[in-house]
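Spelled out, the chains give:
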Amino acid sequence: MRDQSATVLDVANLKTVFNTRDGEVHAVNDVSFYLKPGELLGIVGESGSGKSVTMMSLLKLLPMPPAEIRSGTIEFDGRDIREVSDKELRQIRGGEIGFIFQDPMTSLNPVFTVGFQLIEPLRVHMGMSKKQARARAAELLELVGIPDAPARLKDFPHQFSGGMRQRVMIAIALACDPKVLIADEPTTALDVTIQAQILELVKELRQKLGMAIIWITHDLGVIAEIADRVAVMYAGQIVEHAEVKELFANPQHPYTRALLETLPRMGEARAERLPSIDGQPPNLDHAPTHCEFAPRCKHAFDRCRVENPQRRNVTPAHDVACFWDAKAGGPIDA
Amino acid sequence: MLDDEKKPLVQVKNLKMHFPIYRGILKRQVGAVKAVDGISFDVFEGETLGLVGESGCGKSTVGRCVLRLYEVTEGSIDIDGTNIATLSGAELRAKRPQMQMIFQDPQASLNPRMTVGSIISEPLDEHKNMSKDEKREKVGELMDAVGLARRFADRYPHEFSGGQRQRIGIARALALNPKFIVCDEPIAALDVSIQAQVVNLLEDLQEKFGLTYLFISHDLSMVRHLATRVAVMYLGRLVELGDSETLYMTPKHPYTQALLSAVPHPDPAQAGNIDRVILEGDVPSPANPPPGCTFSTRCPRAQPICKQDSPEWTEIGEGHFAACHFIE
Ligand SMILES: Nc1ncnc2c1ncn2[C@@H]1O[C@H](COP(=O)(O)OP(=O)(O)OP(=O)(O)O)[C@@H](O)[C@H]1O
Ligand SMILES: Nc1ncnc2c1ncn2[C@@H]1O[C@H](COP(=O)(O)OP(=O)(O)OP(=O)(O)O)[C@@H](O)[C@H]1O
Ligand code: SF4
Ligand code: SF4
Ligand SMILES: [Mg+2]
Ligand SMILES: [Mg+2]
């Protein structure tokens, strides 16, 4: 499972729990992954499976309480983010690690112009003069395809369309040439042409700056196009992880397989009804004691209901958390 | 394709929405963002009209105008025979329950201080006489329908994931059994399985209650699946409109052709070898649209005339409209 070459980010056994009025919500359960320079890790998974909470935990962006990081290490560039000082953390956030949030309206400040929100990090993290920062800000807006960019620096977020706000977020996250970019559903509001333009830009930055990227999306088309490796999440856990071609060609976990089967395909005739995965999403009020996918899984057998499967290697670069051997068509050896 | 019996529920004529631009310390108006600049279309009863186009082309603004969440600059919007663009406050309120919107930005449209149960039941309080138990049951049904567990009813919006919040907005829009719903990117933040669940639900409701949808989305395969007809928008105007299959199989406008060629393939083995029309040049600003055909700055087929004369909106086939001087 482990690649020995240098990683820029290495997360091990991360557990995040919310302590709410009606008990605990186990949003992230023992999640481990790594990221190498210049690499793009795609994260897919069911809505509510813990993708955003995992990424917010990395940068301690969750309000604590109610959130609590119960265990784990988050090694970034030789330091454990859980241990660094507040000052260092501020340096990392928005500087060495760029972050694109899922919800642009909550992360853009409605009372400041878009220009101010772009210029500020350039001055703080890159030490630019006001003039330099303004020029760079306009250039960044142009790079993400905002027409008439220099004039639009003066506008407020509500004057932009949904997709433009998302692109403003992308521009802010890229402003300081981060070592790592964490992008949470960054292109959900973007049409294919502009998405293609952003994907090109991202490719370029990976090559030029060796920027490493975590890209969360439900769009498997995008994943197919840009990811090197993919992690699949379900119920707060990574249930499968592989190189992108391998994952699409050879999916192992029943959830991954179901996900790929539900994919609508552009070329095909119109289906009467879109296929979806039957059954209820998991209840996260407890730490998993069995396979959380079992109630929806057509291969579930006794062991799945009493023991939580751990990630095991299928090939050296492909692992899955499941007791079923997809190739052999039967349970794995206990 | 359309039978003559179909009658329009919504008729939009020459709709314009211009946002004024103010500059300087005196805040003088120096121009206007022509977000929507003279568009006309019908939505037939019981159909789904898809509205697609690049980010920033004016889709959400159209959706908001059609429900009169903005005071429109010009044009009329007839819903069920009444021009709502000129209705007074009280008349408009009486009309509201029939027309709902699912917003693009779920976070911004949900009151952070209300529990999800009360967010969903708020329209019921306002417009329906229901007992407490009836209301609770209705909220429960709506939550089931969008795949949210009923036990979440007492949680607040920030305690949900992005996709869960989007579903709260959908449940709320459905609460009053409206006739007409503007769905603005309603499934953008959902995984494919839940997308399918929501789309199936929208279709079931349409079949059961004859609902009519204006479905705004950049997801072209989903629009193809869901829409009866599709309208393509570019820089505040419509460039093509037609029956969904016709439009996808034989797009006529150069912009529609480019848009359709850019859809990513969910297959990494194929990702490299797709024939894409990559549009050159930047999207012009709606504050300063190019003269003549607004697409002429990027169109691979543009001729000198395109930069002077604005192409007419013409019927090029049965129920198939386009605005271009050089339709093949
Ligand atoms: N503040 C909170 N209090 C309680 N539960 C929370 C809180 N924030 C998130 N959750 C729960 O944690 C789980 C994981 O949420 P997260 O936002 O990480 O999901 P996600 O995978 O990003 O989903 P989506 O694809 O819908 O964005 C969800 O089930 C959500 O309901
Ligand atoms: N309140 C406003 N004031 C000024 N300009 C606005 C306002 N709202 C929208 N605009 C501008 O109008 C244009 C159209 O915006 P709209 O939100 O309708 O686009 P859209 O097609 O929905 O885009 P997206 O796909 O990105 O959501 C954009 O150029 C936007 O900047
Ligand atoms: S462990 Fe069992 S229940 Fe879980 S996914 Fe595998 S086969 Fe299905
Ligand atoms: S009118 Fe001319 S510029 Fe416009 S779409 Fe047609 S060919 Fe292109
Ligand atoms: Mg999320
Ligand atoms: Mg919009």
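Residues numbered from 1 in each chain as written. Chains lettered and ligands numbered in written order. Predicted model: local features only at pLDDT ≥ 70, side-chain atom pairs only at ≥ 80, totals over all residues. Heavy atoms only, no water.

(A) How the structure looks around the coordination of the magnesium ion (ligand 6). Taken together, S60(B) (OG) and Q104(B) (OE1) make up the protein donors of the magnesium ion (ligand 6), found 1.9 to 2.3 Å from the metal. Of this pair, S60(B) sits in helix α1 (residues 59-66) while Q104(B) sits in the loop between β6 (99-102) and α3 (106-109), placing them 44 residues apart in sequence. (Donors = N, O, S within 2.8 Å, 3.2 Å for Na, K, Ca; no water. Helix = DSSP H or I, 4+ residues; strand = E, 2+ residues; numbered from the N terminus.)

(B) Molecular detail of the pairing of strand β9 (residues 229-234) of chain B. Residues and elements named next belong to chain B. Within β9, six of the six residues are buried, which leaves it mostly tucked inside the rest of the structure. Of the two faces of β9, the one lined by R229, A231 and M233 and the one lined by V230, V232 and Y234 are each fully buried. Direction of pairing for β9 relative to strand β10 (residues 237-243): antiparallel, over a ladder of six bridges. Looking across to β10, one finds that Y234 is bridged to R237. What sits between β9 and β10 in their antiparallel hairpin is a turn of two residues, with L235 showing a positive phi close to 45°. (Buried < 20%, exposed > 50% of the residue type's maximum accessible area, 1.4 Å probe, protein only. Pairing = 2+ DSSP bridges.)

(C) Structural context of the sheet that holds strand β5 (residues 79-80) of chain A. Residue and element names in this part refer to chain A. The antiparallel open sheet is built from four strands, whose spatial order is β2-β1-β4-β5. Where the open sheet ends on each side, the last strands, each with one partner, are β2 (23-35) and β5. Across the face of the sheet, helix α1 (residues 51-58) comes into contact with β1 (9-20), β2 and β4 (67-76) while running at roughly 110° to β1. (Contact = heavy atoms within 4.5 Å. Axes fitted to C-alpha atoms, helices over the stretch in contact; angles between N-to-C directions.)

(D) Spotlight on the coordination of the magnesium ion (ligand 5). Residue and element names in this part refer to chain A. For the magnesium ion (ligand 5), the full set of protein donor atoms is S52 (OG) and Q102 (OE1), at a range of 2.0 to 2.2 Å. With S52 in helix α1 and Q102 in the loop between β6 (97-100) and α3 (104-107), this pair connects stretches of sequence that are 50 residues apart. Since its relative accessible area comes to 18%, Q102 is described here as buried.

(E) Inspection of the interface of chain A and chain B at higher detail. Contacts between the two partners involve 57 residues from chain A, matched on the other side by 56 residues from chain B. In total, about 4800 Å² of surface goes out of reach between chain A and chain B, with carbon and sulfur atoms giving 55% of it. Along the contact surface separating chain A from chain B lie one salt bridge. Across the pair R21(A) and E159(B) runs a salt bridge, and its minimum N-O distance is 3.4 Å. The tally of links between chain A and chain B comes to 11 residue pairs in polar contact (both at pLDDT 80 or more). Secondary-structure elements contributing two or more residues to the side of chain A that touches chain B are α3, α7 (162-174), α8 (192-209), α9 (220-226) and α10 (244-249) of chain A. (Buried area = accessible area lost by both parts, 1.4 Å probe. Salt bridge = Lys/Arg side-chain N within 4 Å of Asp/Glu carboxyl O. Polar contact = N/O pair within 3.5 Å; in protein donor to acceptor, adjacent residues only side chain to side chain.)

(F) Inspection of the site of ligand 3 at higher detail. Around ligand 3, the surrounding shell holds 13 residues, and the nearest of these are C291(A), C297(A), C304(A), C322(A) and F323(A). Along the lines of polarity and charge, the residues of the shell around ligand 3 split into 11 nonpolar, two polar and no charged. (Near = heavy atom within 4 Å. Nonpolar A, V, L, I, M, F, W, Y, C, P; charged D, E, K, R; others polar.)

(G) View of the environment of I25(B). Residues and elements named next belong to chain B. Along the chain, the position of I25 falls in the loop between β1 (8-23) and β2 (28-44). By relative accessible area, I25 is classed as exposed at 85%. Between the C-alpha atoms of I25 and F295, which are 270 residues apart in sequence, the distance is 35 Å.

(H) Inspection of α1(A) at higher detail. Residue and element names in this part refer to chain A. Counting buried residues in α1 gives six out of eight residues, a clear majority hidden from the surface. Turning to α1, its buried residues number three or more, namely K51, V53, T54, M55, S57 and L58. Just downstream of α1 lies K60, where phi reads positive at about 50°.

(I) Main features of the packing of aromatic side chains. Inspection of the entire model under this criterion finds 12 aromatic pairs over all chains. Ring geometry for F19(B) versus Y70(B): centroids 5.4 Å apart, planes at 85°, classification edge-to-face. Residue F19(B) is located in strand β1, and its partner Y70(B) is located in the loop between α1 and β4 (74-79); the two are separated by 51 residues in the primary sequence. Every member of this aromatic cluster is reached through a ring pair, and the members are Y234(A), Y255(A) and F293(A). Here the basic side chain of R155(B) rests over the ring of F152(B), its NZ or CZ set 4.0 Å away from the ring centre. (Phe/Tyr/Trp six-rings, centres within 6.5 Å; stacked < 30°, edge-to-face > 60°. Lys NZ or Arg CZ within 6 Å of the ring centre and 35° of its normal.)

(J) Focus on a nonpolar patch on the surface. There is a patch of nonpolar side chains on the surface, built from V111(A), F112(A) and F116(A) and spanning about 280 Å² of accessible area. Here F112(A) shows up in the loop between α3 and α4 (114-126). (Patch = residues over 30% accessible without salt bridge, like charges linked within 9 Å, V, L, I, M, F, W, Y side chains within 5 Å. Areas by Shrake-Rupley, 256 points an atom, 1.4 Å probe, with all protein chains shown as cover.)

(K) How the structure looks around α8(A). The first and last C-alpha atoms of α8(A) sit 25 Å apart over 18 residues, in line with the 26 Å expected at 1.5 Å per residue. Listed as buried for α8(A) are V192(A), T193(A), I194(A), Q195(A), A196(A), I198(A), L199(A), L201(A), V202(A), L205(A) and R206(A). (Expected span 1.5 Å × (residues − 1).)

(L) Representation of the site of ligand 4 in the model. Taken together, 13 residues lie near ligand 4, and C293(B), C299(B), C306(B), C324(B) and H325(B) sit nearest. Partitioned by chemical class, the residues of the shell around ligand 4 number nine nonpolar, three polar and one charged.

(M) Structural context of unusual backbone geometry. Residues and elements named next belong to chain A. Cis geometry marks the peptide bond from M64 to P65, where omega comes out at -15°. Mapped onto the fold, P65 is located in the loop between α1 and β4. Residues other than glycine seldom take positive phi values, yet E185 does so here, at roughly 50°. If you trace the backbone, E185 turns up in the loop between β7 (180-184) and α8. Residue E185 is classed as buried on the basis of its relative accessible area, which comes to 3%. The backbone of A235 shows a phi angle near 50°, a positive value even though the residue is not glycine. The topology assignment puts A235 in the loop between β9 (229-234) and β10 (237-243). Residue class for A235 comes out buried when judged on its relative accessible area of 3%.

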